[in-house]
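# Secondary and tertiary structure notes
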Amino acid sequence: MLRECNRLSRVVGTLGLVLGVGVVAPVPVQASPAGLAVQTASPGQLPDRWRLELEYFALLQQLDPVQSSVLGLPVAGWGLGPSSPVEVRAAADAWRALGVSANQLLAAEERSLDLALIAYDADRRVFDLDSLRVWERDPGYPFRAIAEGLNTILLNGALGPSERLARIVAREADIPRFLAGAAGHTGVPPRFLCEQAISEGEALSNFLLFGVQAAVATPEDSVLTQELVQVTARALDAVWAYRQHLIREVLPRSTGAFALGESLYAAQLRHVEGMTLPVAGLRDEASAEVERLSRRFSLACDRIAPGEGPWAALQRLAKDRPAPGNLVGFCRTTVRELHAHCRRSPLLPPPPAHGNLEVGPSPRFSSWANASLAVPGLFEDPEPASRFFITLPDRAVSTADRDAAERFLNRSQLRNLTAHETFPGHFMQVQYLRRNSSLIRRAITSRAFTEGWAHYGESLLLESGYRAEDAAFRVATLHSALRRAGRLRISLGLHTEGWTLEQAAAWLESECFLERGMARREAERAALQPLVSVYTLGRLELEKLRRELERTQGGFDAGEFHTALLELGAPPLYLVREAFGAPTA
């Protein structure tokens with residue numbers, strides 16, 4: 001696979017693909033392994049399918065260098081990609097042309113999952129740029145792209161200190177150009193998203209000033225360290241200028257309407273995840289799922305606090321928590337326990353033999369979530385360790401926020417979080433993906449699949465008997481499912497029914513038993529990211545496919561089905577159904 005990847009990268013570098021705003025420069029790559037015959041034919045001499053795959057990777061490296069670096073692909077210059085209106089229109093045109101070519105090949109040849117994935121990825125990118133108009137709708141988008149672009153370098157365990165520092169310097173040096181281009185967009189964004197962007201600009205400034213500097217500055221690289229100081233100063237000036245642009249020019253013209261509306265919400269689900277469910281049907285399904293999970297959750301709570309209700313049961317769970325100094329050790333033990341259970345259970349996919357997972361406290365620059373998984377790029381070779389981070393309670397925040405964080409990080413909830421992020425969730429899924437022989441399937445994934453699988457995996461633990469006598473773990477797992485079903489319901493409410501943030505937060509408090517602060521954060525997240533709905537939608541689609549196959553296939557084996565799912569990659573779920581011979585939903 002490494003040889004195939006190196007050969008692919010060398011061919012990509014020879015294509016010189018014209019985009020209308022210039023020519024893609026050859027992409028520098030490591031030397032090919034000794035003895036490898038490197039293909040340097042012109043595009044016309046390649047089979048159409050190969051040519052299309054090469055064009056895809058060339059576009060990805062040129063037009064989305066941040067995602068390319070997330071994947072571990074080589075990126076020329078380590079910049080941030082197109083941002084001005086002209087560049088964004090050219091990018092949309094390039095992705096649209098690639099999608100047309102992919103669909104023509106799909107019509108002319110036997111249907112191929114890899115070709116279908118290229119068509120799918122091109123379509124969702126064009127939708128974001130042309131229909132959703134993300135650069136105009138969401139003025140915080142460039143701030144988040146910068147943060148992700150830097151964060152993926154900081155968390156790359158394959159890099160030595162000097163290489164990490166050099167890439168950070170190169171990426172930071174591109175921030176002024178990137179934000180100057182972003183300021184050229186003249187749309188009328190929702191007021192809420194503009195206010196969020198202004199806050200995100202302040203957070204990015206702190207990240208540049210404190211997080212990045214502390215993470216990469218080393219005395220051994222005094223020249224690069226000094227250069228970092230200089231580019232950071234220019235980057236901070238650019239962030240401040242763009243933030244002032246938002247405050248003085250964009251905020252006054254912004255509106256109060258953040259809702260997508262029913263038509264655009266349905267279109268986003270269709271283009272980004274390939275889901276064609278009508279919005280009215282989604283509302284019914286979301287309400288029914290919340291009601292179903294609420295009943296199961298209440299019954300489980302009765303085993304913890306008989307007759308006292310869910311809030312009392314959750315309070316009892318919150319009291320059973322490791323001391324802050326023992327959080328990491330507890331999670332490390334839980335990872336080993338989950339890995340052993342997956343190896344034993346015939347219902348779960350066997351964990352791959354290789355793959356190193358480290359557990360530790362979240363670094364200061366990446367402590368935005370209670371728990372997170374940092375995985376190396378799927379094209380990195382040799383494979384560095386993945387890292388499962390636990391965010392320790394922060395004494396710098398208010399007492400109320402710190403107490404809420406400590407209540408949430410109880411033993412049962414930590415087991416659920418660890419399962420979602422490691423076994424049988426994201427880490428195990430990524431290990432299967434890394435070993436997929438198709439480069440396209442490694443590069444193109446669906447969030448409904450990845451988050452749907454990790455969420456589905458939580459329920460598989462209950463089904464497979466993990467901690468079968470632990471009533472508290474069952475409560476935590478069902479509460480997690482109820483919270484995510486609540487996300488689906490409030491996403492629909494906020495974007496298609498005129499709900500306010502206050503209504504959504506109050507609904508989550510009363511129907512999903514979330515504390516007020518968490519309920520408000522979930523409501524704001526759903527307003528900013530409508531497709532937080534895919535956690536539950538993905539799980540429901542996987543459960544539905546399993547039931548259909550159990551009903552129609554003789555000798556169906558659930559364990560084999562789950563293994564085959566992960567071996568497929570992580571495509572959108574309509575392509576999963578197609579791969580398993582099930583009718584498209």
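All figures in this text were calculated on a predicted structure; none of them were measured in a lab.

For the protein, the count of helices and strands is 26 helices and three strands. Relative to the 2.2 N^0.38 estimate, which gives 25 Å for 585 residues, the radius of gyration of the protein is 24 Å and therefore close to what a compact globule would have. Its C-alpha atoms put the protein at 70 × 60 × 50 Å along the principal axes. Side-chain charges of the protein comprise 63 positive and 67 negative groups, with the mean position of each set lying 3 Å from the other.

This paragraph deals with the sheet that holds strand 1 (residues 357-361). Taken in spatial order, the three strands line up as 1-3-2 in an open sheet, and their pairing is mixed. The open sheet has two free edges, formed respectively by strand 1 and strand 2 (371-374), since each of these has just one partner strand. Going across the sheet, the axis of each strand differs from the next one's by a mean of 20°, ignoring polarity. In this sheet, strand 3 (residues 386-390) lies alongside strand 2 in antiparallel orientation, the contact comprising four bridges. Opposite Ala371, over in strand 3, you have Ile390 as the bridge partner. Its contacts with the sheet put helix 17 (residues 411-421) on strand 2 and strand 3, and the angle it makes with strand 2 is roughly 20°.

The element helix 25 (residues 558-568) is largely enclosed, with a buried count of eight among its 11 residues. Within helix 25 the residues assigned to the buried category are Ala558, Gly559, Phe561, His562, Thr563, Leu565, Leu566 and Leu568. Contacts from the buried residues of helix 25 go to helix 5 (113-131), helix 18 (426-434), helix 19 (439-443), helix 20 (447-463), helix 24 (534-552) and helix 26 (573-579). Downstream of helix 25 by a residue or two, Gly569 has a phi angle that is positive, lying close to 120°.

Below, the discussion takes up the environment of Gly486. With respect to the helices and strands, the residue Gly486 is situated in helix 21 (residues 471-496). The buried category is assigned to Gly486, whose relative accessible area is 0%. Separated by 204 residues in sequence, Gly486 and Leu282 have C-alpha atoms that sit 13 Å apart. Discounting residues that sit within four places of it in the chain, Gly486 has contacts with Val290, Trp507, Leu508 and Cys512.

Turning our attention to the packing of helix 13 (residues 279-304) against helix 21. Here helix 13 crosses helix 21 at 155°, and the two axes come no closer than 8 Å. With respect to their mutual orientation, helix 13 and helix 21 come out roughly antiparallel. For the pair helix 13 and helix 21, the sense of crossing is left-handed. Each residue belonging to the contact of helix 13 with helix 21 can be placed in one class, and the counts come to 18 nonpolar, five polar and six charged.

Applying the stated criterion to the full structure yields 42 salt bridges. Between Glu515 and Arg407 there is a salt bridge; the shortest N-O distance is 2.7 Å. Of this pair, Glu515 sits in the loop between helix 22 (501-512) and helix 23 (516-528) while Arg407 sits in helix 16 (residues 399-408), and the two are 108 residues apart along the sequence.

All right, on to unusual backbone geometry then. The step from Asp381 to Pro382 runs through a cis peptide bond, and the omega angle for that step is 5°. Relative to the elements of secondary structure, Pro382 occurs in the loop between strand 2 and strand 3. Phi at Arg133 is positive, roughly 55°, even though this residue is not glycine. Inspection of the secondary structure puts Arg133 in the loop between helix 5 and helix 6 (134-137). By relative accessible area, Arg133 is classed as partly exposed at 39%. Although it is not a glycine, Phe513 adopts a positive phi angle of roughly 60°.

Moving on to empty space enclosed by the protein. For the structure shown, the criterion picks out four cavities of 30 Å³ or more. Taken as a whole, the second largest cavity holds about 80 Å³ of empty space. Residue lining of the second largest cavity: 14 residues in total, with Trp135, Glu136, Pro139, His185 and Val250 positioned closest to the centre. The set of elements that each furnish at least two residues to the lining of the second largest cavity consists of helix 6 and helix 11 (222-250).

Moving on to the side chain of His495. By secondary structure assignment, the location of His495 is in helix 21. On the basis of relative accessible area, His495 is assigned to the buried category, the value being 1%. A distance of 3.2 Å separates a polar side-chain atom of His495 from the backbone nitrogen of Leu260. Non-local contacts of His495, meaning those with residues more than four positions away in its chain, are made with Arg137, Phe258, Ala259, Leu260, Gly261, Glu262, Tyr265, Ala526, Ala527 and Pro530.

Moving on to the packing of aromatic side chains. If you walk through the whole model with that rule in mind, you get 16 aromatic pairs. Measuring from ring centre to ring centre gives 5.7 Å for Trp135 and Phe178, while their planes differ by 70°; the resulting arrangement is edge-to-face. Taken together, the residues Trp135 in helix 6 and Phe178 in helix 9 (residues 175-182) connect sequence positions 43 residues apart. Ring pairing ties together the aromatic residues Tyr56, Phe57, Trp95 and Phe379, which thus form one cluster. The ring of Trp95 carries Arg125 above its face, with NZ or CZ at 4.6 Å from the centroid.

Let us now look at the pairing of strand 3. Most of strand 3 sits inside the fold, with four of its five residues counted as buried. Relative to strand 3, strand 1 runs parallel, the two sharing five bridges. Bridging across to strand 3, Gly360 finds its partner in Phe389.

Judged by nonpolar contacts, the single largest core of 174 residues is most densely connected at Tyr56, Phe57, Trp95, Ile175, Leu179 and Phe388. Among the elements that take part in this core, helix 21 stands out by supplying 13 residues, more than any other. Residues within four places of Tyr56 in sequence aside, it is in contact with Trp95, Leu98, Ile118, Asp121, Arg125, Ile440, Ala443 and Ile444.

Criteria and thresholds
Residues numbered from 1 in each chain as written. Predicted model: local features only at pLDDT ≥ 70, side-chain atom pairs only at ≥ 80, totals over all residues. Heavy atoms only, no water. Helix = DSSP H or I, 4+ residues; strand = E, 2+ residues; numbered from the N terminus. Rg over C-alpha atoms; globule rule 2.2 N^0.38 Å. Lys, Arg positive; Asp, Glu negative; His and termini not counted. Charge placed at Lys NZ, Arg CZ, Asp CG, Glu CD. Pairing = 2+ DSSP bridges. Axes fitted to C-alpha atoms, helices over the stretch in contact; angles between N-to-C directions. Contact = heavy atoms within 4.5 Å. Buried < 20%, exposed > 50% of the residue type's maximum accessible area, 1.4 Å probe, protein only. Parallel < 35°, antiparallel > 145°, perpendicular 65-115°, else oblique. Left-handed = near helix turned anticlockwise from the far one by under 90°. Nonpolar A, V, L, I, M, F, W, Y, C, P; charged D, E, K, R; others polar. Salt bridge = Lys/Arg side-chain N within 4 Å of Asp/Glu carboxyl O. 1 Å grid on protein atoms, 1.4 Å probe; cavity = no way out; pocket = protein on both sides within 12 Å on 5 of 7 lines; lining within 4 Å. Points joined across faces, edges and corners; volume = space filled by probe spheres on them. Polar contact = N/O pair within 3.5 Å; in protein donor to acceptor, adjacent residues only side chain to side chain. Phe/Tyr/Trp six-rings, centres within 6.5 Å; stacked < 30°, edge-to-face > 60°. Lys NZ or Arg CZ within 6 Å of the ring centre and 35° of its normal. Core = buried A, V, L, I, M, F, W, Y, C linked by side-chain atoms within 4.5 Å.

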